[in-house]
Amino acid sequence: MTHLSMEQLVALREPGVEPGTQAARAHLDGCDACRTEFDRLHQRIARLRALPSLRPTRDRWPEVRARFASERRARRLRWVAVAGLAAAASVAIVAGVRSMHRPLPAAVPAELSEAMARSQALEAAIDQYHPESRVLDGRTARIAQELEDRIAAVDRELQNTDLADPGRRQTQELQLWRERVGLLDALVDVHLTRASNVGL
Amino acid sequence: MSKALVMDSYLLADAKTVLAQAKAGDPAGFEALYRAFETPVYNLCRRICRTAEDAEDVLQETFLEICRSIGQYREDGSLWGWIRTIAASKALMRLRRNKYRDTDELNDEVVGHRREDTHLRMDLEAALERLSETSRAVVWLHDVEGYTHEEIAAMMGKTPSFSKSQLARAHARLRRWLGEEVAA
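Since we're looking at a predicted model, the values are computed, not measured.

Chemist: Break down empty space enclosed by the protein for me, with residues and values.
Modeler: In the structure shown here, the tally under the stated rule is 1 cavity of 30 Å³ or more. The calculated volume of the largest cavity comes to roughly 80 Å³. Forming the walls of the largest cavity are Trp61, Arg65, Phe68, Ala69, Arg72, Gln145 and Asp149 of chain A together with Pro27 and Phe30 of chain B. Counting residues per element, the lining of the largest cavity draws most heavily on helix H4 (residues 61-98) of chain A, at 5 residues. For the lining of the largest cavity, the residue count by class is 5 nonpolar, 1 polar and 3 charged.

What follows is the structure, encoded as structure tokens:
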């Protein structure tokens, strides 16, 4: 007697009807040996599903967080560069338009450009330390992470300034960019202090 | 409720809040996702990859991808289903990149049944580990994770027939190594 192959037994577990399934089911109904094999297949699969979950040997979240933060920094640098160009262009356009009607309030836009440029320079300085590839002690890592998180929060607020009242937008933007510069300055200090402590 | 949706509520009770945090770029949201899904993602990766080191690398790559792409998750299906597919794809990519020789299959075809196999009953973990990476991946993705042959074929860049034949060969080997052959 020809028994069912493993391919046929495995196919019998699939939903739906494949070619040859009916004949295989008819054989299964009449063959003790094949029914035993089919039951063993079910049991084997049940045992596979019951295998204990394997766990990683160490916590990989710090590496994930560091790499993602590094990618976000790189994106912000690009965004700052683009925004800086756009701001310079919009100042030029506004100056061109407003000069026809009333004097341009020169102080706010210039300070905004200066804050953005300073922020960009600080980002570049941080990148020189390759912080994502350095091992920091727990306290330093915590401080660096808190600063990164606060910078990310400022960035989110900057993105939302589009929704602000036009009259207040520039003031709000300037305030946020200055806060960003302050946080980046502190982050540079953290990495600089750590670098000088290990003789770099 | 599907198994994947059951997993969602089991692993992450406050999924809506965590997702909103993660989509807003809040690091606490990302970390909550990592803590909730670290073990099932690693388990899937370890069952497909050959080494623990590869599996840990794929775990890291998976969560990096989740952080980058969380904005694309549409919340119309299972969160675990979405995460699991990223993990499975990354693990299979790692296999393709490593291109280990399937020495077990080669030996079985050339040498035939080894004498010691008829006397050696492995436990299931050892037998699973002994399968070729491709066979083990298909067995795990189909029988444990519940992917269809069509889905597995799409992830592997193969045909559903390939997936079906790999599954059958894997079970034939597991049956032999587990000592389940019925005495003639």
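Chemist: Account for the packing of aromatic side chains, with residues named and values stated.
Modeler: A complete count under the given rule lists 5 aromatic pairs over all chains for this structure. Residues tryptophan 61 of chain A and tyrosine 34 of chain B carry aromatic rings whose centres are separated by 5.5 Å and whose planes lie at 40 degrees to one another, so their mutual orientation is tilted. Taken together, the residues span two chains, with tryptophan 61 of chain A in helix H4 and tyrosine 34 of chain B in helix H3 (residues 27-48). In terms of burial, tryptophan 61 of chain A and tyrosine 34 of chain B fall into one category: buried. The interplanar angle of 35 degrees and the centroid separation of 5.1 Å between the aromatic rings of tyrosine 73 of chain B and tryptophan 82 of chain B together place this pair among those described as tilted. Taken together, the ring pairs connect Trp61 of chain A together with Tyr34 and Phe63 of chain B into an aromatic cluster.

Chemist: Can you explain the confidence of the model for chain A? Please cite residues and give values.
Modeler: Residue and element names in this part refer to chain A. In the predicted model, chain A carries a mean pLDDT of 77, and 72% of its residues have values of at least 70. Across chain A, the element-wise mean pLDDT spans from 66 in H4 up to 94 in helix H3 (residues 32-49). This stretch, residues 94-106, has a pLDDT under 50; its non-local contacts, to residues over four places away or in other chains, come to 5 contacts.

Chemist: Would you mind going over the packing of H3 of chain B against helix H5 (residues 79-98) of chain B in detail, with residue names and values included?
Modeler: All names here are of chain B. At their nearest, the axes of H3 and H5 sit 10 Å apart, and the two run at 40 degrees to each other. Our classification of the angle between H3 and H5 gives oblique. The two elements H3 and H5 cross, and the hand of that crossing is right-handed. Every residue of H5 that contacts H3 at Leu33, Phe37, Pro40, Val41, Leu44, Cys45 and Ile48 is listed here: Leu79, Trp80, Ile83, Arg84, Ala87, Ala88, Ala91, Leu92 and Leu95. When grouped by side-chain class, the residues that make up the contact of H3 with H5 number 15 nonpolar, no polar and 1 charged.

The rules we used
Residues numbered from 1 in each chain as written. Chains lettered and ligands numbered in written order. Predicted model: local features only at pLDDT ≥ 70, side-chain atom pairs only at ≥ 80, totals over all residues. Heavy atoms only, no water. 1 Å grid on protein atoms, 1.4 Å probe; cavity = no way out; pocket = protein on both sides within 12 Å on 5 of 7 lines; lining within 4 Å. Points joined across faces, edges and corners; volume = space filled by probe spheres on them. Helix = DSSP H or I, 4+ residues; strand = E, 2+ residues; numbered from the N terminus. Nonpolar A, V, L, I, M, F, W, Y, C, P; charged D, E, K, R; others polar. Phe/Tyr/Trp six-rings, centres within 6.5 Å; stacked < 30°, edge-to-face > 60°. Buried < 20%, exposed > 50% of the residue type's maximum accessible area, 1.4 Å probe, protein only. pLDDT = per-residue confidence, 0-100. Contact = heavy atoms within 4.5 Å. Axes fitted to C-alpha atoms, helices over the stretch in contact; angles between N-to-C directions. Parallel < 35°, antiparallel > 145°, perpendicular 65-115°, else oblique. Left-handed = near helix turned anticlockwise from the far one by under 90°.

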